[in-house]
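Analysis of the macromolecular model
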Amino acid sequence: MSQRLRIYSYAKCGTCRKALQWLALQGFSVDAGTLELLDITEQPPSVAELLAAFESLGRKRLFNTSGQSYRALGSTAVAAMDDATALAALAADGKLIKRPFAITPQGATLVGFKLEEWQAALQS
C-alpha cells in the first residue's frame, strides 16, 4: 500500500483547489512524496477504487450531481442503473465523480471536501 495520499482532482474545481490548499497547510505535497495528484478527467479512479468507496460511503455520495455529465445522463437514468453499471459509468467519466476523490494511505476513501471528515481521516 502506498504511503501517499492519492487525490483525484480537477483544476477548474473550486472545491478541489480548496482541499489542495488545506492539504498543503497540513504538509502534504507532491514534491515531498506525500501526495499523488491525478487529473480525474484524464485518469479517473479504477472500478476497484470506486467499489471500495461505494462500499464505505454509499452510491449516492459518489456522483457529482451538479456536473454536466450527470445532468446529461439525467437523475432518472442514473437511478435506474444497477450497481455494476453505475460503477462502470463512474470509471469511464471522471466528471461524474464527486470531487475531490481521495484515498488515504490507510485505504479510506474521501469524497468531496468536508473538513471534519478529512481531518479525522488524515490524523496520524
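You'll find the structure just up there.
We now turn to the structure provided with this report.

Cut-offs used in this document
- Residues numbered from 1 in each chain as written.
- Predicted model: local features only at pLDDT ≥ 70, side-chain atom pairs only at ≥ 80, totals over all residues.
- Heavy atoms only, no water.
- Buried < 20%, exposed > 50% of the residue type's maximum accessible area, 1.4 Å probe, protein only.
- Helix = DSSP H or I, 4+ residues; strand = E, 2+ residues; numbered from the N terminus.
- Right-handed = clockwise from strand over helix to strand, strands pointing away.
- Pairing = 2+ DSSP bridges.
- Core = buried A, V, L, I, M, F, W, Y, C linked by side-chain atoms within 4.5 Å.
- Contact = heavy atoms within 4.5 Å.
- Axes fitted to C-alpha atoms, helices over the stretch in contact; angles between N-to-C directions.

A look at the pairing of strand β1 (residues 5-9)
Of all five residues making up β1, four are buried, and the element is well covered by its neighbours. Assessed by its sense of winding, the connection that carries the chain from β1 through helix α1 (residues 14-25) to strand β2 (residues 35-39) is right-handed.

Observations regarding the pairing of β2
Of the strand pairs in this sheet, β1 and β2 are connected by five bridges, and their pairing is parallel. By the bridge assignment for β2, arginine 6 is matched with glutamate 36.

Details of the nonpolar core
Grouped together as the largest cluster of nonpolar side chains are 23 residues, with contacts concentrated most on Leu62, Phe63, Leu90 and Phe101. At the level of secondary structure, the elements contributing two or more residues to this core comprise α2 (47-57), α6 (83-92) and β3 (101-103). At four residues, the largest contribution of residues to this core is made by α6. In contact with leucine 62, not counting residues within four places along its chain, are Leu50, Ala53, Phe54, Leu90, Leu96, Ile97, Lys98, Phe101 and Val111. Within the second largest apolar cluster, twelve residues are counted, among which are Leu5, Ile7, Leu23 and Ala102.

Some remarks on the sheet that holds β3
Taking strand neighbours across the sheet as the criterion, the four strands line up as β2-β1-β3-β4 in an open arrangement whose pairing is mixed. The open sheet has two edge strands with one neighbour each: β2 and β4 (109-111). Ignoring which end each strand starts from, the neighbouring axes of this sheet average 15 degrees apart. Sheet topology note: the β1/β3 ladder contains three bridges and is antiparallel. Across the sheet, residue arginine 6 finds its bridge partner in β3, namely isoleucine 103. Contacting β1 and β2, α1 runs over the sheet at an angle of about 155 degrees to β1. Contacts from α2 reach β1, β3 and β4, with the element oriented near 80 degrees to β4.

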